[in-house]
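# Observations on the model geometry
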Amino acid sequence: MLLKVKYLNVKKYIKLHAGFTYLEFISEAKTRFGLPDAADLDIFDETDTAVEEDIFLELLEAQPDLCLTIREKISDEAHSTPSSSDTLSSLMDTISLSSSDSDLREKGIPAGRSRSSKDSSAPNMVKNALTRKPGGEEILEEYNAENSLSHRTRRQLVNILASDMTERHGRIPSRKQKEKYALGIITLFPSLKDPFSPNGYEHFYDGVKGTGYIAWRLKTMSRSTTKRPVKEVPVHQEQGPKRRRLATTLPQQLDGDACKEAISFLVHSADEASVFQKMKMTFQHRQDLVHDPQRTADVFKTFPRFLDVKGLVNQDFLLLFGAETATKLLEKWDMSFKPKVIKEAKQLTQSTDLCRLIKAAEKPTESDANGRHWDSDMASLLLLLQLLPPTAGRKRRTKISPTDAAHKMVHFHKSCCSIDEHLQARDGKQPYILAVGRTQNSIDTFYIAVDKQLIPCQATSSLSAFDELFKSHYVFNLSYDESLVHLYSFVQTTIFNIDATSTDESPRVRELRAKMLNENHV
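Predicted model only: the values in this text are computed from it and were never measured.

## Considering the packing of helix H22 (residues 462-475) against helix H23 (residues 485-495)
One can describe the packing of H22 onto H23 by two numbers: an axis separation of 12 Å at closest approach and a directional angle of 90°. As judged from the angle between their axes, H22 and H23 are roughly perpendicular. Residue-level inspection shows Phe 466, Leu 469, Phe 470, His 473 and Tyr 474 of H22 in contact with H23, the latter providing Leu 487, Tyr 488, Val 491 and Gln 492. Taken together, the residues of the contact of H22 with H23 sort by class into seven nonpolar, two polar and no charged.

## Remarks on the sheet that holds strand S6 (residues 432-439)
Strands sit in the order S5-S6-S7-S8 across an open sheet of four strands; the sheet is mixed. The open sheet has two edge strands with one neighbour each: strand S5 (410-414) and strand S8 (453-456). For this sheet, the mean angle separating the axes of adjacent strands, direction not counted, is 35°. Judged from the four bridges that link them, strand S7 (residues 442-450) and S8 form a sheet pairing that is antiparallel. Paired with Val 450 across the strands is Gln 453, a residue of S8. The strands that H22 touches are S6 and S7; relative to S7, the one it contacts most, it runs at about 5°.

## Some details on the pairing of S5
Sheet topology places S5 next to S6; five bridges connect them, and they run parallel. The residue of S6 that forms the bridge with His 413 is Val 436. Read from S5 through helix H21 (residues 419-425) to S6, the crossover connection turns out right-handed.

## Brief notes about H23
For H23, a buried count of 10 out of 11 residues is recorded, marking the element as mostly surrounded by other parts of the structure. By the burial criterion, the buried members of H23 are His 486, Leu 487, Tyr 488, Ser 489, Phe 490, Val 491, Gln 492, Thr 493, Thr 494 and Ile 495. One or two steps after H23, the chain reaches Asn 497, where phi turns positive at roughly 55°.

## Focus: the environment of Thr 21
Tracing the backbone through its elements, the reader meets Thr 21 in the loop between strand S2 (10-15) and helix H1 (22-32). The spatial distance from the C-alpha of Thr 21 to the C-alpha of Lys 399 is 9.3 Å, given a sequence separation of 378 residues.

## Structural notes on the confidence of the model for the chain
Per-residue confidence for the chain averages 83 on the pLDDT scale, and 84% of its residues sit at or above 70. Scored below 50 in pLDDT, residues 75-117 makes 69 contacts in the model with residues more than four places away or belonging to other chains. Counted against residues more than four places away or in other chains, residues 224-237, with its pLDDT under 50, gives 30 contacts.

## Looking at unusual backbone geometry
Phi at Asn 147 is positive, roughly 55°, even though this residue is not glycine. As for its placement among the helices and strands, Asn 147 is situated in the loop between helix H7 (136-146) and helix H8 (151-169).

## What about the environment of Ile 443?
Tracing the sequence through the fold places Ile 443 in strand S7. Remark: the alpha-carbon pair of Ile 443 and Thr 460, spanning 17 residues in sequence, is separated by 8.7 Å. The contacts of Ile 443, once residues within four sequence positions are left out, are Trp 374, Phe 412, Ala 435, Val 436 and Gly 437.

## Description of the packing of aromatic side chains
For the structure shown, the criterion picks out 20 aromatic pairs. Between Phe 317 and Phe 496 the ring centres are 5.8 Å apart and the planes differ by 70°, which places this aromatic pair in the edge-to-face class. Linking Phe 317 in helix H15 (residues 312-321) with Phe 496 in the loop between H23 and helix H24 (507-518), this pair joins segments that are 179 residues apart in sequence. Judged by its relative accessible area of 0%, Phe 317 is buried. A relative accessible area of 1% places Phe 496 in the buried class. In this structure an aromatic cluster arises from ring pairing among Phe 317, Phe 321, Phe 466, Phe 470, Tyr 474, Tyr 480, Tyr 488 and Phe 496. If you follow Arg 154 out to its NZ or CZ, it ends over the ring of Tyr 213, 3.6 Å from the centre. Positioned above the aromatic ring of Phe 265 is the side chain of Lys 278, whose terminal nitrogen or guanidinium carbon lies 5.6 Å from the ring centre.

## Some words on H22
A rise of 1.5 Å per residue sets the reference length of H22, with its 14 residues, at 20 Å; its end C-alpha atoms lie 20 Å apart and thus fit the reference within 8%. Phi turns positive one or two residues past the end of H22, at Asn 477, with a value near 60°.

## What about the packing of H23 against H24?
A pair of packed helices can be characterised by two numbers: the angle between their axes and the separation between those axes. For the pair H23 and H24, interaxial distance at closest approach is 10 Å and the crossing angle is 45°. One way to sum up the angle between H23 and H24 is to call them oblique. The handedness of the crossing between H23 and H24 is right-handed. Between H23 and H24, the contacting residues are His 486, Phe 490, Thr 493 and Thr 494 on the first element and Val 509, Leu 512, Arg 513, Met 516 and Leu 517 on the second. Among the residues making up the contact of H23 with H24, the classes are represented as five nonpolar, three polar and one charged.

How each quantity is defined
Throughout this document, residue positions are counted from 1 along each chain, in the order its sequence is written. The predicted nature of this model means local features are confined to residues of pLDDT at least 70 and side-chain atom pairs, given and counted, to a pLDDT of 80 or more, with totals for whole chains, interfaces and linings taken over all residues. Computation of side-chain values: all heavy atoms of the structure, hydrogens and water removed. In this analysis an axis means a line fitted to C-alpha atoms, helices contributing only their contacting stretch, and an angle means the value between N-to-C directions, from 0 to 180 degrees. Put simply, DSSP marks the helices as runs of H or I at least four residues long and the strands as runs of E at least two long, and each gets a number from the N terminus on. These descriptions rest on fixed angle ranges, namely under 35 degrees for roughly parallel, over 145 for roughly antiparallel, 65 to 115 for roughly perpendicular, and the rest for oblique. The contact rule is simple, with two residues in contact once any of their heavy atoms fall within 4.5 Å. In the scheme used here, Gly and all other residues not listed as nonpolar or charged are polar, with Ala, Val, Leu, Ile, Met, Phe, Trp, Tyr, Cys and Pro taken as nonpolar and Asp, Glu, Lys and Arg as charged. Two strands are counted as paired when DSSP detects at least two bridges linking them. Handedness rule for crossovers: strands pointing away from the viewer, path from the first strand over the helix to the second running clockwise, crossover right-handed. A 1.4 Å probe rolled over the protein chains alone gives each residue an accessible area, and that area as a share of the maximum for its type sets the label: buried under 20%, exposed over 50%, partly exposed in between. Along the chain, pLDDT gives the predictor's confidence residue by residue, from 0 to 100. Pairing of aromatic rings covers Phe, Tyr and Trp, the last counted by its six-membered ring, and requires centre-to-centre distances within 6.5 Å; plane angles under 30 degrees mean stacked, over 60 mean edge-to-face, and any other angle means tilted. Only when the NZ atom of a Lys or the CZ atom of an Arg is both within 6 Å of the ring centre and within 35 degrees of the ring normal do we say a charge sits over the ring. Here the expected length of a helix is defined as 1.5 Å per residue gap, with one fewer gap than residues. Should the near helix be turned counterclockwise from the far one by less than a right angle, the crossing is left-handed, whereas a clockwise turn marks it as right-handed.

Rendered as structure tokens:
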């Protein structure tokens, strides 16, 4: 296949073999235009609409003669520069937070619920479209029987409604029309509603950002020749672990010479109770340290007791968020999430790895003679990764599978082998669990490995170790690993309820949350 591609003012043809992937196109484009491998690229169609990986192949199948434009991605720092050019404005399509959203987040209430339209004709419109179109009745029957829709059926639902929309409203339906269809979907199928989104239907259509399943499907069906209006670029605001926060509960804090004396005391004290107390009193200094780009790498040099005293990560997270938030994963996983994760995983295309994980997750008491399987809790967490697999990042040349991504979350290390050799051979700074033992289902010690340093876990179970792994991102101001961002985002918003209304999530995360949280309430 020959693709016409434009970079700056240069047009070239790129030849790709049958069955090529999005990443292979990116790689070949860099080669043809002499761009470095590290270049981060955005792709646009002839209407200057960003082409996402999810719709890339469908778009080319529909319009094989399309001329694509590639541009180097603008860094986040540039987003907040007042003097950004018109070109930058035309590239960006992001959303800013309102102050009211912030107030609602503090109370754990999803923002903007009142903005949702109450149009009672929306569900009837969707139902009528399904009854008229081939395959629509089967969708209604599946929902009535299962109170949910499989991924395959959800895709069919979106395809049918996108087709109906273009028949009724032309090739370019308005934002209001797309929002009405999205509202109709979650009204007719209540278990598909995302409780944490402003209107509950943003995974189907987000009118502010122009994303979602309906938007992506329409982009493959019909393209306007009119340029999209330039949007104002808002100031970029970090969410999740990179956001600077005010501690929920904080004892008296030390500064100046008193803080220096406490840090010196911490290095030499053998009394763990005193260590915990002094760590509390130097918490604010530590937060200043990890949020300073020039000094963040010094945290283990300044506070080395993280490396030999168990429980300090949990204590810092507790100071940041309070006891109610800090205990949510351990309280909710077994009863509220684990059974639903297993149920959803059974709907996926079955592979050897997936079947092995389902078996281990379902039978926690069944012994594995070879010890090659994780225990029930870790198996269920890895099933969540199967449900929220990594997508191909623009900086990654090859797509990583959920099985490969699992090694970025947890690594089993035989107790008879050298830990130091493993750490020196491991690349990357993102934290992961190092589980040390004789077999995978018989772990003696859990560590959080961060930048070749080992933090001993207070945990005695794999679920507790994952709890500390998640919390370490916030304690040390660490971004999520690119391969695990969907999994961590789900845990962050859906289980811990951190920045639940303001975090930029994929539709897949929102869809899974809607299924799990609505299962028992419809």
